[in-house]
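Residues per chain are reported as follows:
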Amino acid sequence: MDSTAVKADLAHVLYTKEEIQARVAELAAQIDKDYEGRDILVVGVLKGAVMIMADLVRALKSHLTMDWMA
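Residues numbered from 1 in each chain as written. Predicted model: local features only at pLDDT ≥ 70, side-chain atom pairs only at ≥ 80, totals over all residues. Heavy atoms only, no water.

In terms of regular secondary structure, the protein is built from three helices and two strands. Ordered by position from the N terminus, the helices and strands of the protein form the series α-α-β-α-β. Over its C-alpha atoms the protein spans a radius of gyration of 15 Å, topping by over 25% the 11 Å that the globule rule assigns to 70 residues. Oriented by its inertia axes, the alpha-carbon framework of the protein measures out at about 45 × 25 × 15 Å. Looking at the protein alone, contacts between residues at least 24 apart form 57% of all its contacts between residues at least 6 apart. For the protein, the exposed surface amounts to about 5900 Å²; the carbon and sulfur share of it is 59%. Across the protein, the centroid of the 8 positively charged side chains sits 1 Å from that of the 11 negatively charged ones. (Helix = DSSP H or I, 4+ residues; strand = E, 2+ residues; numbered from the N terminus. Rg over C-alpha atoms; globule rule 2.2 N^0.38 Å. Contact = heavy atoms within 4.5 Å. Areas by Shrake-Rupley, 256 points an atom, 1.4 Å probe, with all protein chains shown as cover. Lys, Arg positive; Asp, Glu negative; His and termini not counted. Charge placed at Lys NZ, Arg CZ, Asp CG, Glu CD.)

Formed by Val24, Ala28, Ile40, Val42, Met53, Leu56, Val57 and Leu60, the largest nonpolar core amounts to eight residues. When contributions to this core are tallied by element, the ones reaching two or more residues are helix H2 (17-34), strand S1 (40-45) and helix H3 (50-59). It is H3 that provides the largest number of residues to this core, a total of three residues. When residues no more than four places from it in sequence are discounted, the contact partners of Ile40 are Ile31, Tyr35, Ser62, His63, Leu64 and Thr65. (Core = buried A, V, L, I, M, F, W, Y, C linked by side-chain atoms within 4.5 Å. Buried < 20%, exposed > 50% of the residue type's maximum accessible area, 1.4 Å probe, protein only.)

What follows deals with the environment of Thr65. Note on placement: Thr65 falls in strand S2 (residues 64-69). The spatial distance from the C-alpha of Thr65 to the C-alpha of Val43 is 8.5 Å, given a sequence separation of 22 residues. If we ignore the near neighbours within four places in the chain, the residues touching Thr65 are Ile40, Leu41 and Val42.

Taken together, the buried positions of H3 are occupied by Met53, Leu56 and Val57. For H3, the angular spread of the buried residues around the axis is 95 degrees, confining them to a single face. Among the exposed residues of H3, those oriented more than 90 degrees off its buried face are Met51 and Arg58. Where the residues of H3 are buried, they touch H2, S1 and S2. (Arc of directions from axis to C-beta.)

Once that is clear, we can look at a nonpolar patch on the surface. There is a patch of nonpolar side chains on the surface, built from Leu46, Val50, Met51, Met66 and Trp68 and spanning about 470 Å² of accessible area. Of all the secondary structure elements, the ones that give two or more residues to the nonpolar patch are H3 and S2. Along the chain, Met66 falls in strand S2. Classification of Met66 by relative accessible area gives partly exposed; the value is 39%. (Patch = residues over 30% accessible without salt bridge, like charges linked within 9 Å, V, L, I, M, F, W, Y side chains within 5 Å. Salt bridge = Lys/Arg side-chain N within 4 Å of Asp/Glu carboxyl O.)

Here is the structure:
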């Protein structure tokens, strides 16, 4: 599906791509601060969390292990 078709299906945009990216960066910075010097285990639920989790772990600077559950 192309972006034009997706846009036609939306009544209005709740959050822009830029707003989401900024919030993910804020969350990553807070997680890095809260868990400084510690290893992090990030567990995602395979029901729609893949994209946001991928963005979040890319933004993290901390060492982490990632896993998934259904």
